[in-house]
Each structure stands twice: as structure tokens, then as C-alpha cells.
Amino acid sequence: MPPEVPLDDREFVTRAQAGDLEAYELLVARHTASAYRTAVLLGAGSEADDVIQEAFVKGYRKLSRYRGDSSFRSWLLAIVANETRNLHRSRERRTGLVLRAARVAPGSEAGEDGAIGAVLAEERRSALVRALRQLPERDREVIVCRYFLDLSEDETVAMLGWARGTVKSRTSRALTKLRGLLDVQELSRG
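Since we're looking at a predicted model, the values are computed, not measured.

> Please clarify how the overall build of the chain should be interpreted in this entry.
A tally of regular secondary structure across the chain gives eight helices and zero strands. The linear arrangement of helices and strands in the chain, starting from the amino end, is α-α-α-α-α-α-α-α. The buried share of the chain, reckoned over its 190 residues, is 34%. Considering only intrachain contacts with a sequence separation of at least 6, the fraction spanning at least 24 residues in the chain is 61%. Entry remark: accessible area of the chain is about 11700 Å², with carbon and sulfur atoms responsible for 55%.

The following block contains the structure:
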């Protein structure tokens, strides 16, 4: 009997698109660790499990739209990144409520320090997002792939369809531009 050859993602995706729930469960098992790592690195923190669970549910619902232009992992991590952004928007609303409540009924210093820390962390994230949006599209794409989606260089090459040298040089130049934009923002805030 020949040894069993493990199926690659394409075969699991094809089976899952045909309604094979077990195939999708195998995709989930295969990509849970990288999805979790992506959510944590993008700032989901203790809510990373919730983020990836929602991403896997949305991925299943949108599976018919997956065309294989990029790796399944890249496609799935883009959904994780979107869900993490949704979490950040939700946190912003909660932080605003906490700050308004603190102004109305001042609490302990520890509560105030936590609210201030949350505001400062959100300001840093907002500054990064503003700077990222100012980058040219191709620079933004390579930064998002490499650092926000935690894709390897090979996966970035495959996803963007660029030569390896282009990915390396554009990543370097884009990081330099991003640092410059963040420095300018810092200076303008005083």
C-alpha cells in the first residue's frame, strides 16, 4: 500500500466549496496557529480567539468567492486582519464610553491610568494607520502583507505576483517611508 500523501490547501478548499464541512475543519486546524498569531500581532490581545473564530466563520461563508489567486492562508489572514480592525473600532467606541464615564464619575487612579494607557495606545495605532494610508498603494500592500498579515517573503511574492527582489527592495523602501511619516506626525504633535 503506498504511503498516504497529505492533501494541500487547494484540495481541501475544493472539497469545502463542494460542501464538505470536514475539509473546512481541516483547513481551520491547519491555519489556526497563524491566524491566532496574526490577530495577536495586529492587537487583538486577549480577544484573539474571538477574532479568529469570527474570521473562520466569515471565511466559510465567503468560501465560494475564493478563486485561488493567492494562497488560502493569505486570503484567510486578510479576513483575520479585517476582523481585528473591526475589534479596534469596537474598542474605540468602548474607550470613548469609559472616558466619558470617568469624566462624569471620577474613579480610582488605577482606572484613570488604564483609560489613559488605552487612549495612548489607540493614538499610536491611529498614527500608524494614518501613516500607512499615506504610502503609495504598492508600498502599503507590501507592508500589510509582510507585517500586518505576517506573510513570509515567499507568500508575499506569490500573493502580489512580484519578483523576490522587488518584494525585498520595496519592503525596505516602504519601511523607510513609513518611519519618516511617523516621525513627521510626531513632530507635528509637538
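> In this structure, what is going on with the side chain of Thr38? I would like to understand it.
Here Thr38 shows up in helix α2 (residues 21-41). Sequence-distant contacts of Thr38, defined by excluding residues within four places in its chain, comprise Leu77, Val80, Phe148, Leu149 and Asp150.

> When you look at the layout of surface pockets in this model, what are you seeing that I'm missing?
Left-over empty space is what a probe sized like a water molecule reveals as it rolls over the atoms. Quantified by volume, the largest pocket comes out at close to 590 Å³. In terms of lining, the largest pocket is formed by 20 residues, of which the most central are Arg85, His88, Arg125, Val129 and Phe148. Of all the secondary-structure elements, those providing two or more residues to the lining of the largest pocket are α4 (72-104), α5 (109-134) and α6 (137-148). When residues of the lining of the largest pocket are assigned to their parent elements, the largest contribution, eight residues, is made by α5.

> Explain the nonpolar core to me, please; I cannot follow it from the model alone.
The nonpolar side chains of soluble globular proteins are, as a tendency, buried together. Phe72, Val80 and Ile143 are the most contacted members of the largest nonpolar core, which has 42 residues in total. Breaking this core down by element, the ones donating at least two residues are α1 (9-17), α2, α3 (48-61), α4, α5, α6, α7 (153-160) and α8 (164-189). When residues of this core are assigned to their parent elements, the largest contribution, eight residues, is made by α4. Those residues within four positions of Val80 in sequence are excluded, and the remaining contacts are Ala35, Thr38, Ala39, Val51, Ile52 and Ala55.

> What should I look at first to understand the packing of α6 against α7 in this one?
Packed helices, taken two at a time, are described by the angle their axes make and the gap between the axes. Look at α6 against α7: their axes get within 9 Å of each other, and the N-to-C directions meet at 140°. Accordingly, the angle class assigned to the pair α6 and α7 is oblique. Both α6 and α7 take part in a crossing whose hand is right-handed. Across the interface between the two elements, Glu141, Val142, Cys145 and Arg146 from α6 touch Glu153, Thr156, Met159 and Leu160 from α7. Among the residues forming the contact of α6 with α7, the class breakdown is four nonpolar, one polar and three charged.

> Got a minute to help me understand the packing of α1 against α2 in this structure?
Put simply, α1 and α2 touch, their axes get as near as 8 Å, and they point 140° apart. Judged on the interaxial angle alone, α2 and α1 are oblique. Regarding α1 and α2, the two cross each other, and that crossing is left-handed. Contact with α1, carried on its side by Asp9, Phe12, Val13, Arg15 and Ala16, involves Ala23, Tyr24, Leu26, Leu27, Arg30 and His31 of α2 and no other residues of that element. Each residue belonging to the contact of α1 with α2 can be placed in one class, and the counts come to seven nonpolar, one polar and three charged.

Conventions and cut-offs
Residues numbered from 1 in each chain as written. Predicted model: local features only at pLDDT ≥ 70, side-chain atom pairs only at ≥ 80, totals over all residues. Heavy atoms only, no water. Helix = DSSP H or I, 4+ residues; strand = E, 2+ residues; numbered from the N terminus. Buried < 20%, exposed > 50% of the residue type's maximum accessible area, 1.4 Å probe, protein only. Contact = heavy atoms within 4.5 Å. Areas by Shrake-Rupley, 256 points an atom, 1.4 Å probe, with all protein chains shown as cover. 1 Å grid on protein atoms, 1.4 Å probe; cavity = no way out; pocket = protein on both sides within 12 Å on 5 of 7 lines; lining within 4 Å. Points joined across faces, edges and corners; volume = space filled by probe spheres on them. Core = buried A, V, L, I, M, F, W, Y, C linked by side-chain atoms within 4.5 Å. Axes fitted to C-alpha atoms, helices over the stretch in contact; angles between N-to-C directions. Parallel < 35°, antiparallel > 145°, perpendicular 65-115°, else oblique. Left-handed = near helix turned anticlockwise from the far one by under 90°. Nonpolar A, V, L, I, M, F, W, Y, C, P; charged D, E, K, R; others polar.

The analysis is restricted to geometry; functional conclusions fall outside its scope.
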